[in-house]
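# Architecture at a glance
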Amino acid sequence: MTGLPDKKLLRAALSQFATGVTIIATKEEDGTPRGFTANSFTSVSLDPPLILVCIARSAASCDVFSGARHFSVNVLAEEQKDISGLFASQRPDKFDIAPWHPGQTGTPLIDDALAWFECAHHDMVDAGDHVILVGRVLDFGQGRGRPLGYFRGAYFTLGLEDPLVDAVARNTSTIIGAVYEQSGSILLEVHPDTGDLAVPTVGSTTASANLTALKQKYDETQLSTAIEFVYAVFEDNRTGRVTIYYRGQASGPAPAGTQFFAFDDIPFDRIRDSAMRDMLERYVSEARQGGFAIYMGDEIDGVVRPVG
């Protein structure tokens, strides 16, 4: 490869590495706490005990962290998605909402974190559009639980969403579907009579589905599919039906009754379900930008929660 790589393609390649989610925190000289969400954290050395984090130069708090004498790294547990989203935002009241306590240097430590490390500034390295902070661990601790993970622009919790989806399906009329992507194309089912299009689903308006059925939908074909993460969840207020969409990957030829459509060539007017159409339009837009969010609400209105 010659020249600079395409940033979007590079980001997509780098996102193939699953990471944990952390909150990096410090305090200004006047005692004001500062913090942000990051998944660029790793251990460097055990003797001396050193860890590093990366901060974008464009981040509003970059100068504060670069000059701070101490900072903390808080590894989030799976139940702390809301805290991750809070610290990924620009809200000025983060520390008024999130539960935390000061460490031995006064540096904020997030309550109930899976692990935490209080560090002294050890070194700083110029790294292009980021700054690498190396911290010397002064104190640390750990809790119990499972980590909150981050992969391909979305959170994951080691498969615990699977039984959650199955539990919902057992108790209500549920449709479960997947947006299967292959090389910038989306797999859609084609109605044999009308030509209408739809995302592959299992279940109906009167019967419930389960995640196993979705995963096995194309087992008898040459198409290989992999379910990744929950992408959208909404309830139809008129029927009480719950619809859950996953993001997924596909490899191989489209089975009979389906077709792959490139992002630019999807005929959205042939998708009759307006909620499904809106969801898919958002997916294509976010895929082009290289980052995803999760939709939660009903068929009319809801909340899109950015991740990362």
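In this convention, every chain numbers its residues from 1, walking through the sequence in written order. Residue-level local features of this predicted model are given only where pLDDT is at least 70; pairs of side-chain atoms are given and counted only at 80 or more, and the full residue set underlies all totals for whole chains, interfaces and linings. Only heavy atoms go into the side-chain values, all of them from the structure, while hydrogens and water stay out.

What follows is about the overall build of the chain. We count a stretch as a helix when DSSP gives it H or I for four or more residues in a row; a strand needs E for two or more, and each element gets its number in order from the N terminus. Secondary structure assignment for the chain yields seven helices and 21 strands. Classification of residues uses two cut-offs on accessible area relative to the type maximum, computed with a 1.4 Å probe and protein chains only: under 20% is buried, over 50% is exposed, and between them is partly exposed. Evaluated residue by residue, the chain yields a buried proportion of 44% over its 308 residues. Every residue pair with non-hydrogen atoms within 4.5 Å of one another is taken to be in contact. A separation of at least 24 residues holds for 65% of the contacts in the chain among residues at least 6 apart in sequence. Carbon together with sulfur atoms contributes 51% to the accessible area of the chain, which is approximately 16,000 Å² in total. Methods summary: accessible areas were calculated by the Shrake-Rupley approach with a probe of 1.4 Å, and residue burial reflects only the protein chains presented.

Buried within helix α3 (residues 81-88) we find Ile83, Ser84, Leu86 and Phe87. The buried side chains of α3 occupy one side of the element, clustering within an arc of 160° when seen end-on. To obtain the arc, one takes the directions from the helix axis to the C-beta atoms.

With that settled, consider helix α7 (residues 274-289). Multiply 1.5 Å by the residue count of a helix minus one, and that product is the helix's expected span. Over its 16 residues, α7 runs 23 Å from end to end, which matches the ideal 22 Å to within 8%, given 1.5 Å per residue. Three or more residues of α7 are buried, namely Ala275, Met276, Met279, Leu280, Arg282, Tyr283, Val284, Glu286 and Ala287. Regarding α7, its N-cap is Asp273, as a side-chain oxygen of that residue lies 3.0 Å from the backbone nitrogen of Ala275 further along. Any N or O atom pair separated by 3.5 Å or less is treated as a polar contact, with the protein-specific requirement of one donor-capable and one acceptor-capable atom, and with residues adjacent in sequence counted only for side-chain atom pairs.

Once that is clear, we can look at the environment of Leu109. Locating Leu109 in the fold gives a position in strand β8 (residues 108-110). In the structure, Leu109 is positioned 35 residues away from Asn74 in sequence and 6.7 Å away in space, judged by C-alpha atoms. When sequence neighbours within four positions are dropped, the list of residues in contact with Leu109 reads Ser72, Asn74, Pro99, Trp100, His101, Gly103 and Trp116.

This part takes up the pattern of salt bridges. We define a salt bridge as a side-chain nitrogen of Lys or Arg found within 4 Å of a carboxyl oxygen belonging to Asp or Glu. Per the stated rule, a full pass over the model turns up six salt bridges. Between Arg91 and Asp93 there is a salt bridge, with the nearest N and O atoms lying 2.9 Å from each other. For Arg91, a relative accessible area of 42% gives the class partly exposed. Assessed through its relative accessible area of 23%, Asp93 is described here as partly exposed. The closest approach of N and O atoms between Arg282 and Glu286, which form a salt bridge, is 3.1 Å. Placement of both Arg282 and Glu286 in helix α7 is noted, with a separation of four residues, approximately one turn of the helix. Residue classification places Glu286 among the buried residues on the basis of a relative accessible area of 10%.

Turning next to the nonpolar core. As used in this record, nonpolar core signifies buried Ala, Val, Leu, Ile, Met, Phe, Trp, Tyr and Cys residues forming a set joined through side-chain atoms within 4.5 Å. If you look at the biggest cluster of nonpolar residues, it comprises 21 residues, and the most contacted ones within it are Ile186, Leu188, Val199, Ile266, Met279 and Leu280. Counting residues per element, the ones that place at least two in this core are β14 (185-190), β17 (224-235) and α7. Ranked by residues supplied to this core, first place goes to α7 with seven residues.

Per-residue confidence from the predictor is reported as pLDDT, a score between 0 and 100. Overall, the predicted model of the chain reaches an average pLDDT of 82, with 79% of residues at or above 70. The low-confidence segment residues 297-308, where pLDDT is below 50, has 39 contacts with residues more than four positions distant or belonging to other chains.

Once that is clear, we can look at the sheet that holds strand β2 (residues 22-27). Spatially, the seven strands line up as an open sheet ordered β3-β2-β6-β9-β10-β5-β4, and their pairing is antiparallel. Each end of this open sheet is capped by a strand with a single partner; those strands are β3 (33-38) and β4 (41-46). Each strand axis lies, on average, 30° off the axis of its neighbour in the sheet, ignoring direction. Two strands are counted as paired when DSSP detects at least two bridges linking them. Bridge analysis of β2 against strand β6 (residues 70-75) gives four bridges, and the strand direction is antiparallel. Lines fitted to C-alpha atoms define the axes, with helix axes restricted to the stretch in contact, and inter-axis angles between N-to-C directions lie between 0 and 180 degrees.

What follows is about the environment of Val131. By the element assignment, Val131 lies in strand β10 (residues 130-142). Considering only alpha carbons, one finds Val131 and Arg57, 74 residues apart in sequence, at a separation of 6.5 Å. Setting aside anything within four residues of it in sequence, one finds Val131 in contact with Val53, Cys54, Ile55, Arg57, Cys62, Ser66, Met124 and Val125.

Relative to the elements of secondary structure, Leu114 occurs in the loop between β8 and β9 (115-127). C-alpha separation for the pair Leu114 and Arg146, spaced 32 residues apart in sequence, amounts to 7.5 Å. Setting aside anything within four residues of it in sequence, one finds Leu114 in contact with Val75, Leu76, Ala77, Gln80, Gln142, Gly143, Arg144, Gly145, Arg146 and Pro147.

Moving on, we get to the pairing of strand β13 (residues 174-182). The buried fraction of β13 is high, at nine of nine residues. Burial along β13 is two-sided: the face carrying Thr174, Ile176, Ala178, Tyr180 and Gln182 and the face carrying Ile175, Gly177, Val179 and Glu181 are both buried. Note that β13 and strand β18 (residues 242-251) share eight bridges and pair parallel. Following the sheet pairing, Ile176 is matched in β18 by Ile244. In the sheet, β13 pairs with β14 via two bridges, with the strands oriented antiparallel.

So, on to unusual backbone geometry. Following Asp47, the chain continues to Pro48 via a peptide bond in cis, the omega torsion being 0°. Inspection of the secondary structure puts Pro48 in the loop between β4 and β5 (49-56). Phi is positive for Ser183, close to 50°, though the residue is something other than glycine. Counting through the fold element by element, Ser183 comes out in the loop between β13 and β14. Residue class for Ser183 comes out exposed when judged on its relative accessible area of 77%.

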